[in-house]
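Overview (structure and organization)
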Amino acid sequence: MTPHIEAKKEDIAKTVIMPGDPLRAKFIAETYLKDYKLVNNVRGMLAYTGNYKDTKVTVMASGMGMPSIGIYSYELYKFYDVKNIIRVGTCGAYTKDLDLFDVILVNACYSESSYAKTQNGCNDEMMYASSPLNFYIKEASEDLNKHITIANIHSSDVFYKENDNFKDIYNKYGALACEMESFALFHNANVLNKRAACLLTVSDSLVKDCKATTEERQKAFTDMIEIALESATKLC
């Protein structure tokens, strides 16, 4: 056990699917897992472990922002011997080429965050997903005949910006969308020699007038969820 996770070590699978919202974790477990059980409820950060197509999988919420996912992913990697974490989340599009509910497989994320520097002195502003994990996710999307866009994104510490410079970030780093967690997740995976990936569904846009409802954010993003779960069956 850790200060933030009450599960026993054997209760956590080697592959963790990690949404931000605890209610989305609950939805995934109830909808897709067999013989699942609640293994964590500390601070309401729900985690469930069950079977997906005979593969043991844990679904655990990360909360919002890099400090939160930084804590949970580090503890899962370091103290529970988790090998793979696949984040499934939402993002805001920086380009008109992305439509509502499009699915992005993150190649790399840029961030102006101090997370990596504070964590271990790393000054890198780009963090990369694990190539082997992305390979299996891409293969799973093809098996399911579900389209994904492979792209760079922006991980931000701030949701409400007074002066949003997203156009500059889009032009300089090729970031097609923005979210708030992947940079810390990828950094932790690098530090601890683990694997991390991120699938995102477009929930709103900074360049088009479209936005998903709260209910849709919890339940409608089934494509990325099914791709993540299918990829888990390919991992060891």
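Residues numbered from 1 in each chain as written. Predicted model: local features only at pLDDT ≥ 70, side-chain atom pairs only at ≥ 80, totals over all residues. Heavy atoms only, no water.

Thoughts on the overall build of the chain
Stated precisely, the cut-off is as follows: Secondary structure follows DSSP: runs of H or I at least 4 residues long count as helices, runs of E at least 2 residues long count as strands, and numbering of each begins at the N terminus. Computation of the radius of gyration draws on C-alpha atoms alone. For the globule rule, the value is 2.2 Å times the number of residues to the power 0.38. Each residue's exposure class comes from its accessible area (1.4 Å probe, protein chains only) as a fraction of the maximum for that residue type: buried when under 20%, exposed when over 50%, partly exposed otherwise. Should any heavy atoms of two residues lie within 4.5 Å, those residues are considered in contact. Each accessible area is a Shrake-Rupley result for a 1.4 Å probe, and residues are judged covered by the shown protein chains and nothing else. Working convention for charge: Lys and Arg count positive, Asp and Glu count negative, and His plus the chain ends are omitted. In plain terms, the charge of a residue is placed at NZ if it is Lys, CZ if Arg, CG if Asp and CD if Glu.
Scanning the chain from N- to C-terminus turns up 8 helices and 10 strands. The C-alpha radius of gyration of the chain comes to 16 Å, within 12% of the 18 Å expected for a compact globule of 236 residues. Across its three principal directions, the C-alpha atoms of the chain cover 45 × 40 × 30 Å. Looking at the 236 residues of the chain, the share that counts as buried comes to 56%. Sequence separation of at least 24 residues holds for 77% of the intrachain contacts in the chain that already meet a minimum separation of 6. Here the chain has roughly 10,800 Å² of accessible surface; of this, 47% comes from carbon and sulfur atoms. Counting 27 positive and 31 negative side-chain charges, the chain places the averaged centre of each group 4 Å from the other.

Side note on the pairing of strand S1 (residues 15-19)
As a reminder, the rule being used: Two strands qualify as a pair provided that DSSP identifies no fewer than 2 bridges between them.
A large share of S1 lies buried, amounting to 5 of its 5 residues. As paired strands, S1 and strand S5 (residues 84-93) are joined by 5 bridges and run parallel to one another. From the neighbouring strand, proline 19 faces S5, where its bridge partner is valine 88. Where S1 and strand S4 (residues 55-60) come together, 2 bridges link them in parallel fashion. In the sheet register, valine 16 faces S4, and the bridge partner there is threonine 58.

Considering the packing of aromatic side chains
The line we're drawing: By convention, a stacked pair of Phe, Tyr or Trp rings (six-membered ring in the case of Trp) has centres within 6.5 Å and planes under 30 degrees apart, an edge-to-face pair has planes over 60 apart, and any other such pair is tilted.
Enumeration over the complete set of coordinates arrives at 6 aromatic pairs. Here tyrosine 94 and phenylalanine 166 contribute two aromatic rings whose centre-to-centre distance is 5.1 Å and whose plane-to-plane angle is 35°, an arrangement assigned as tilted. Separated by 72 residues along the polypeptide, tyrosine 94 in the loop between S5 and strand S6 (103-110) and phenylalanine 166 in helix H5 (residues 166-173) bring together distant segments of the chain. For tyrosine 94, a relative accessible area of 4% gives the class buried. On the accessibility criterion, phenylalanine 166 (10% relative accessible area) is buried. Measuring from ring centre to ring centre gives 5.5 Å for phenylalanine 135 and tyrosine 136, while their planes differ by 75°; the resulting arrangement is edge-to-face.

Things to note about the nonpolar core
Considering soluble globular proteins, one finds that nonpolar side chains tend to be buried as a cluster. Definition in use: Among the buried residues, those of types Ala, Val, Leu, Ile, Met, Phe, Trp, Tyr and Cys that are joined through side-chain atoms within 4.5 Å form a nonpolar core.
Ranked by size, the top nonpolar core spans 74 residues in total, and within it Leu76, Ile104, Phe186, Leu199 and Leu229 carry the most contacts. Contacts of leucine 76, omitting those with residues within four sequence positions, involve Ile5, Ile12, Val16, Met18, Met60, Asp81, Val82 and Ile85. By size, the runner-up hydrophobic cluster in this structure holds 9 residues, among which are Ala108, Met126, Phe166 and Ile169.

A short note on the packing of helix H2 (residues 66-79) against helix H6 (residues 182-192)
So the rule is basically this: Axis lines are fitted through C-alpha atoms, for helices just across the contact stretch, and the angle between N-to-C directions can take any value from 0 to 180 degrees. Each angle is binned into one of four classes, with values under 35 degrees roughly parallel, values over 145 roughly antiparallel, values of 65 to 115 roughly perpendicular, and all other values oblique. Two helices cross in a left-handed way if the nearer one is turned anticlockwise from the farther one by less than a right angle. They cross in a right-handed way if the turn is clockwise. We call Asp, Glu, Lys and Arg charged. Ala, Val, Leu, Ile, Met, Phe, Trp, Tyr, Cys and Pro are nonpolar, and the rest, Gly among them, are polar.
Across the interface, H2 lies against H6 with an axial gap of 8 Å and an inter-helix angle of 30°. By the angle class used here, H2 and H6 are roughly parallel. As H2 packs across H6, the resulting crossing turns out to be right-handed. Note on element contacts: H6 touches H2 through Phe183, Ala184, Leu185, Asn188, Ala189 and Leu192, opposite Met66, Ile69, Gly70, Ser73, Tyr74, Tyr77 and Lys78. Classifying every residue of the contact of H2 with H6 by side-chain character gives 9 nonpolar, 3 polar and 1 charged.

With respect to the pattern of salt bridges
For clarity, the threshold we go by: What counts as a salt bridge is simple: a side-chain nitrogen of Lys or Arg found within 4 Å of a carboxyl oxygen of Asp or Glu.
Counted under the stated rule, the structure contains 12 salt bridges. Residue glutamate 230 pairs with lysine 53 through a salt bridge whose shortest N-O separation is 2.8 Å. One end of the pair, glutamate 230, is in helix H8 (residues 222-232); the other, lysine 53, is in the loop between strand S3 (47-52) and S4, and 177 residues separate them in sequence. Given a relative accessible area of 11%, glutamate 230 falls into the buried group. Residue lysine 53 is classed as exposed on the basis of its relative accessible area of 53%. The salt bridge partner of arginine 87 is glutamate 179, with a shortest N-O separation of 2.9 Å. With arginine 87 in strand S5 and glutamate 179 in strand S9 (residues 175-179), the pair connects residues that are 92 residues apart, well separated along the chain. On the accessibility criterion, arginine 87 (2% relative accessible area) is buried. You can call glutamate 179 buried: its relative accessible area is 3%. A cluster of three or more residues bridged by salt bridges with shared partners is formed by Arg87, Glu179 and Glu181.

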